[in-house]
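# Understanding the architecture of this molecule
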Amino acid sequence: MPRSVNHVASRHRRKKVMRLAKGYFGRRKNVWTVAKNAVEKGLLYAYRDRKTKKREFRALWIQRINAGAREHGLSYSQLMGGLKKAGIDLNRKVLADLALNHPEAFRGIVEKVK
């Protein structure tokens, strides 16, 4: 009896990887082994950088809040400590948006903290 190979599944698997490699430069887009390695590496970078993005945005929000707080004579840590004591439960994303786009609302929050 001849050897049975599930050609449909293996072709589908290769086509899936080749579709992901679409738009790559040179042999990375059309040579199976090169494309497979490139796609694998790309997916690893995507996974890693989804975590990094959260880190970088948090750092950006903190910088914006700090800049806004210092305009009103407080440091970032004093502001955040004061918010906790005052029971104002706003996250850093919202605070950063207020500091950047709505300075009058941010000033109101800072005054409550003071």
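What you see is a predicted model; the values in this text were computed from it and never measured.

## Notes on the overall build of the protein chain
- Check the secondary structure of the protein chain and you find five helices and zero strands.
- Reading the protein chain from its N end, one meets helices and strands in the order α-α-α-α-α.
- Against the globule reference of 13 Å for 114 residues, the protein chain gives a C-alpha radius of gyration of 26 Å, more extended than a compact globule.
- Principal axes of the C-alpha set define a box for the protein chain whose edges measure 85 × 30 × 20 Å.
- By the burial criterion, 23% of the 114 residues in the protein chain qualify as buried.
- If you sum the accessible surface of the protein chain, you get close to 9,000 Å²; carbon and sulfur atoms cover 55% of it.
- Taken together, the 29 basic and 8 acidic charged side chains of the protein chain have centroids lying 17 Å from each other.

## Observations regarding helix α3 (residues 76–86)
- What α3 keeps buried is the set Y76, L79, M80, G82 and L83. With its buried residues spanning 160° around the axis, α3 presents them on a single face. For α3, the exposed residues lying more than 90 degrees away from the buried face are S77, K84 and K85.
- Packed against the buried residues of α3 are α2 (32–71), α4 (92–101) and α5 (103–113).

## What to know about the environment of W61
- Note on placement: W61 falls in helix α2.
- Taking relative accessible area as the criterion, W61 reaches 22% and is therefore assigned partly exposed.
- Sequence separation between W61 and D97 is 36 residues, and the spatial gap between their C-alpha atoms is 8.1 Å.

## Description of the nonpolar core
- Core analysis: the biggest nonpolar cluster contains 15 residues, and I65, L74, L79, L83, L95 and F106 have the highest contact counts within it.
- Broken down by secondary-structure element, the contributors of at least two residues to this core are α2, α3, α4 and α5.

## Observations regarding α2
- Between its first and last C-alpha, α2 extends 57 Å over 40 residues, near the 58 Å set by a 1.5 Å rise per residue.
- At D49, α2 is deflected by roughly 25°, the largest bend along its length.
- Where α2 is buried, its residues touch α1 (7–20), α3, α4 and α5.

## Here we look at the pattern of salt bridges
- Applying the stated criterion across every chain yields a total of one salt bridge.
- Notably, a salt bridge pairs R48 with D49, separated by 2.9 Å at the nearest N-O pair.
- Judged by relative accessible area, which is 45%, R48 ranks as partly exposed.
- By relative accessible area, which is 32% here, D49 ends up partly exposed.

## Considerations on the packing of aromatic side chains
- Applying the stated rule across the entire model yields one aromatic pair.
- Between F57 and W61, the aromatic rings sit 6.1 Å apart at their centres with planes inclined by 45°, giving tilted as the arrangement. With F57 and W61 both in helix α2 and four residues apart, the pair spans about one turn of that helix.
- Using a relative accessible area of 40% as the deciding quantity, one classes F57 as partly exposed.
- The ring centre of Y24 lies 5.5 Å from the NZ or CZ of R28, which sits over that ring.

How each quantity is defined
- Residues numbered from 1 in each chain as written.
- Predicted model: local features only at pLDDT ≥ 70, side-chain atom pairs only at ≥ 80, totals over all residues.
- Heavy atoms only, no water.
- Helix = DSSP H or I, 4+ residues; strand = E, 2+ residues; numbered from the N terminus.
- Rg over C-alpha atoms; globule rule 2.2 N^0.38 Å.
- Buried < 20%, exposed > 50% of the residue type's maximum accessible area, 1.4 Å probe, protein only.
- Areas by Shrake-Rupley, 256 points an atom, 1.4 Å probe, with all protein chains shown as cover.
- Lys, Arg positive; Asp, Glu negative; His and termini not counted.
- Charge placed at Lys NZ, Arg CZ, Asp CG, Glu CD.
- Arc of directions from axis to C-beta.
- Contact = heavy atoms within 4.5 Å.
- Core = buried A, V, L, I, M, F, W, Y, C linked by side-chain atoms within 4.5 Å.
- Expected span 1.5 Å × (residues − 1).
- Bend = angle between axes of the 7 residues up to and from the residue.
- Salt bridge = Lys/Arg side-chain N within 4 Å of Asp/Glu carboxyl O.
- Phe/Tyr/Trp six-rings, centres within 6.5 Å; stacked < 30°, edge-to-face > 60°.
- Lys NZ or Arg CZ within 6 Å of the ring centre and 35° of its normal.

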